[in-house]
Amino acid sequence: MTPTAPPAFPALPTLPAPWPALGTPPPAAGDFDPAGPLALLILLPLVGALVLALAPRPVVRLATRAAVLWTLPGALFLLAAAWFGGAAHGAFAVRWLERLPGGGGLVLSIWNLVPALLVGLAAPLALAVPEAREKTPSRAAFLLVLTAANLAVILAVGPGVAVAGWLGGAWALCFLLGEADAVNAGQEASAPFVLHAFAGACVLAAALAPPFLPLLLVAGVIRLGVPPTHGVQARTFALLPTGALLLVVVGFAVTGLAAARDGVAALRASGVGGPGWGVGAAWLGPLAVASALAAAWVGFVALAEGDLKRRLAGFASAQGALWVTLLLACDPTLARPAVGAWALVTLVTLVLLVLAYAPLWAFARTGDLKAYGGLGRVALVRSTLLLVGLAALVFAPVLSARGAGAAALVDVLARRIPAGGPVVLGGALGLLAVGLSVYRTIRGETAMPLPAPDLSAAEWCVVVLFGATLFLLSALGPPLGGLGSLWPVFAAAGGS
Amino acid sequence: MLDAVAALLAVLVGVAFVAWAAALVLGPVAPERLVLQGLLADDGWSRAARAAVLLATGLAALGLVQARGLRRLAAALLLALAGAGVALAAAALDLTLLWLGLAVAVTCGPLAIVAADDRRNAARHALSALLMGGLATGVLGVSFLALSSLGNATHVVDLGFLVTRYEHAGPFALTALRATGVGVALLCAWAPFHLGLPELWGEGSTPLAGWLALAWPWAGWSVLVRLAGGLLPAFGEWSFDAAVAVQLFLVLGALLPAAAALAEDRLGRVFALLAVGTLTELLLAVHAHGVDPEWIAPGLWGYGLAWIVGAAATAAVRARVGDDRLASLAGLATRLPRTAFAVAAAALVWAGLPGTFSLAVRWALWQHAAGATPLALAAIVCGAFLRLVAAARVISVLYFRATVRDGADLVVPLASGRARYGLVFGLALLLELVLGLGLTPWAARLFTLAPVLYGG
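Keep in mind that what you see is a predicted model, and the values were worked out from it rather than measured.

Secondary structure summary: chain B contains 18 helices and four strands in total. Counting over 456 residues, chain B shows a buried share of 60%. Look at the contacts in chain B between residues 6 or more apart in sequence, and 81% of them connect residues 24 or more apart.

Here it is as structure tokens:
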């Protein structure tokens, strides 16, 4: 890391964000160091996947169990970077640029540290979380590939690495789904793959020609599961193993939001006299209304689901539609910090919820809501964790970025635009869907007794780790970090 | 005894050609020069073509295991002769020599098929190849005749200045050039003139079909590079026509074969159609004012490496399973994990595997050329998406389907045969990765051709 002496929150650093490199020139070649730790962040999981693929039969079981080790150095490195930036030397101290031998480069900066940290920490959890089915080498390998792909998208300086990351993520998802869907001979893997490959194709087109930059919005919408892609997302969530679900929730959401943000920015810039199709800004209003209606629709759909994983998918889709609506309908200076911080709180909470439910899913081997109930009577700490998570989801708009999320919602309602009512309804219905599920888990009757379901020592470690992460993120300080404003790329790029 | 000696000789020929190709790629770069009083050019393009054809011929000679005795040796020598024809065409600056090279290449190649393989299908493939090659050379011959008559010259540099000398000659010359485009399209598999090639490349005996798939596009592109270099002075008038034709070939070629690959039920044909789509993308290096050989040569090298990876995997599948129908490959990952991995890797290479040379050159070409032509870019991206889905279809058959219960028993080939497939596959994939990551100066060598005389 190359510390630079920052004055007290001067002009924003001129480093590329995870995505603006598509539309803005990359830093000068002299700023880049040779490939090093950032490249290893991506390469190490890929090497792990290769080792798992080539491991001889006697050691393959051991290699599968030890797969988590390939992700730990990356997680520790990102934690150290967050500490360095947040606690020791100030947010702007984090500035790390590397060039890759085959062209392209990687960057870790205040602009993308938070999403990178989220994915980096979710990766070891995804490999260590209890599963309903025994861990297989191929599943572990493709979890590692998915980790590398998501990190490549987040850290990419130029479009080449980013496109590779998007398509790599689609392939990893295809294999994870196909492996999980052995009963139906992998038939369910096709639709999500085609959809996510299409998203990758949109990113590819956007990467090659500026007039196609608004296609990033389509790619983002697909990754966020916004209708009409919510059905595929629900099937994907229901089918995926718990670890893969965790990684998809975090990785696809952060990359999808970044793409949606850039797509909206490109659309906004492509009005009269701007580059692109020349229709840009005129589409923002209708698209915002469509997105708000989609949020309401998917909220209703989520409420009707009888499967917990599908409800989580519905909630994620509703939230995704809500965030896209805010990006489209609000002024960027308001929408971006609101959406970024809201998303971070939501994603951290979703990780905690998935971890809290993981042992129950592993035991019951189903996501059916009727399989769980009465947790409040036998596992008070886990129930409390679920309630805390639910409360965090409910108050996320107020908690994040000094209430920027709530302010953005109020702005949409106050302007009485058609998107206002449906978007609030969609958000509320999504929350209700998850809330009712949690309520049933805590208070309802169970079809089967749950064995010793309270928090284990390992789970306590996870809770403590996430507490420490939140502390580090909050230490990044306003206006760029912490719970005051948690997604620097959104907060800082307001004017672009 | 005769069989052993012939086999040994064929192997020696193959090894010698591969070593020669390596020497051309790795050796010191000599300055470009004209030979035979300017009739031939020993420049970057001809050297790149020579090395690629030598590699293809050497590998094909090594892969000729079906033929026995003198037939094997005869096939290797016929392939060598055909390769010499392609090399001659790549170096020729004179229309007569250019046509002669093509004629030798498209005649001897099919003869090698019937010499090496005595099955009924091989005869059919040889006849198809002969007809297609004959059609292409015939069309090219007529158009060359017209051009040389209009310009009263056979050297491409003279043609450029002379062909538009008379006002009324322009339309005739343009028509001849259009006919040349059709002839080249037949050799380079530009849609819609690609229709016979998936069968020829995808179902033929693997080493021979692979030779055709590698060498013919070099021959076709050589015609285009040499003619474009010579006719550069005339392109001021014909730029619109050229641009429209290129766009048409590009859009059709990006979409049609990729869509057809989704409906194919044989692995070889799927790979051939994916290859045709990839090959078409090289048209991005053709523009209204000429051709960029420095983009086409590495593109053809990347395509060639991908072909070798795919051909080795297909050959391994045919050797073990007996045929390459996708239905027979269901659940292959559980029966033959290494072979399934090879097929999956080959499918991924055709779809675009990050870190490989073939994708690196395609990416560079897209970035170089696509920004200026949104329509072509849209077609290229759609084609890439369709090829991705086709590759996913192959992979899902291999990994996500139940094993065929009533399928035929697996063939157990000789260990030497299995090792050969693995060796060729591994070497080609390694080269793809090493060159793709830019770890050696060879990658730069393939990208930066020495200047192409009268062109580029």
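That covers the picture; the talk isn't over yet.
So, on to the overall build of chain A. The helix and strand inventory of chain A stands at 19 helices and two strands. A separation of at least 24 residues holds for 79% of the contacts in chain A among residues at least 6 apart in sequence.

All right, on to the interface of chain A and chain B then. Accessible area lost when the parts come together is the quantity often used to give the size of an interface. Between chain A and chain B, the residue contacts involve 21 residues of the former and 26 residues of the latter. Elements supplying a minimum of two residues to the side of chain A that touches chain B: helix H6 (159-180) and helix H7 (190-208) of chain A. Considering each element in turn, the side of chain A that touches chain B owes the most residues, nine residues, to H7(A). Partitioned by chemical class, the residues of the side of chain A that touches chain B number 15 nonpolar, six polar and no charged.

Residues Val203(A), Ala215(B) and Ala312(B) are the most contacted members of the largest nonpolar core, which totals 364 residues. Here this core gets 20 residues from one element, more than from any other, and that element is helix H13 (residues 332-364) of chain A. The contacts of Val203(A), once residues within four sequence positions are left out, are Ala162(A), Val163(A), Trp166(A), Leu216(A), Ala219(A) and Ala259(A).

For the rest of this paragraph, the subject is the packing of H13(A) against helix H15 (residues 380-399) of chain A. All names here are of chain A. Here H13 crosses H15 at 165 degrees, and the two axes come no closer than 9 Å. Between H13 and H15, the angle falls in the class roughly antiparallel. As H13 runs across H15, the sense of the crossing is left-handed. Counting all contacts with H13, which are made through Trp 342, Val 345, Thr 346, Thr 349, Leu 352, Leu 353 and Ala 356, the residues of H15 involved are Arg 382, Leu 385, Leu 386, Gly 389, Ala 392, Leu 393, Ala 396, Pro 397 and Leu 399. In the contact of H13 with H15, the residues fall into twelve nonpolar, three polar and one charged.

Next up on the list: H7(A). For an α-helix, 3.6 residues make a turn, and residues three or four places apart therefore share a direction. Between the first and last C-alpha of H7(A) there are 27 Å, a value that for 19 residues agrees with the 27 Å anticipated at 1.5 Å per step. The element H7(A) is extensively covered by neighbouring structure, given that 14 of its 19 residues are classed as buried.

Turning to its location among the elements, Pro192(B) is positioned in the loop between helix H7 (169-188) and helix H8 (197-203). The spacing of Pro192(B) and Leu256(B) is 64 residues in sequence and 8.0 Å in space, taken between C-alpha atoms.

For Leu279(B), the location among the structural elements is in helix H11 (residues 267-280). Setting aside anything within four residues of it in sequence, one finds Leu279(B) in contact with Cys188(B), Ala189(B), Pro217(B) and Tyr303(B).

Per-residue confidence for chain B gives a mean pLDDT of 83; residues scoring 70 or more make up 88%. Both confidence scores are given for the complex: pTM 0.85, ipTM 0.82.

The next thing to look at is the pairing of strand E2 (residues 105-109) of chain A. Residues and elements named next belong to chain A. Where burial is concerned, most of E2 is hidden: five out of the five residues are buried. Burial of the side chains of E2 extends over both faces: Gly 105, Val 107 and Ser 109 are buried on one face and Leu 106 and Leu 108 on the other. Of the strand pairs in this sheet, strand E1 (residues 95-99) and E2 are connected by five bridges, and their pairing is antiparallel. Bridge pairing links Arg 99 to Gly 105 in E2.

Moving on, we get to the packing of H11(B) against helix H14 (residues 337-351) of chain B. Residue and element names in this part refer to chain B. In the contact formed by H11 and H14, the axes pass within 10 Å of each other and the chain directions differ by 25 degrees. As judged from the angle between their axes, H11 and H14 are roughly parallel. When you trace H11 past H14, the crossing you get is left-handed. Counting all contacts with H11, which are made through Leu 267, Phe 271, Leu 274, Ala 275 and Thr 278, the residues of H14 involved are Val 343, Ala 346 and Trp 350. Counted by class, the contact of H11 with H14 contains seven nonpolar, one polar and no charged residues.

Definitions and limits used
Every chain is numbered on its own, with residues counted from 1 as its sequence reads. To label them, take the chains in the order written and letter them from A, then take the ligands in the order written and number them from 1. Totals for whole chains, interfaces and linings use all residues, but because this is a predicted model, local features are given only for residues with pLDDT of at least 70 and pairs of side-chain atoms are given and counted only at 80 or more. The numbering of helices and of strands both runs from the N terminus, where a helix is a DSSP run of H or I of at least 4 residues and a strand a run of E of at least 2. Any residue with 12 or fewer other C-beta atoms within 10 Å of its own C-beta is exposed, any with 20 or more is buried, and the rest are partly exposed; the C-beta atoms used are placed from the backbone. Note on contacts: each residue gets a C-beta atom placed from the backbone, and two residues are in contact if those atoms are within 7 Å. Amino acids outside the nonpolar list (Ala, Val, Leu, Ile, Met, Phe, Trp, Tyr, Cys, Pro) and the charged list (Asp, Glu, Lys, Arg) are all regarded as polar, and Gly is one of them. Connectivity within a nonpolar core runs through C-beta atoms within 7 Å, and the core itself is a set of buried Ala, Val, Leu, Ile, Met, Phe, Trp, Tyr and Cys residues. To obtain each axis, a line is fitted to C-alpha atoms, and for helices this fit is confined to the stretch in contact; angles are then taken between N-to-C directions over 0 to 180 degrees. An angle below 35 degrees is treated as roughly parallel, one above 145 as roughly antiparallel, one from 65 to 115 as roughly perpendicular, and anything else as oblique. When the near helix sits turned anticlockwise from the far one by under a right angle, the crossing is termed left-handed; a clockwise turn instead gives a right-handed crossing. Each residue after the first adds 1.5 Å to the expected span of a helix. pLDDT measures the predictor's confidence residue by residue and takes values from 0 up to 100. A pair of strands is treated as paired once DSSP finds two or more bridges between them.

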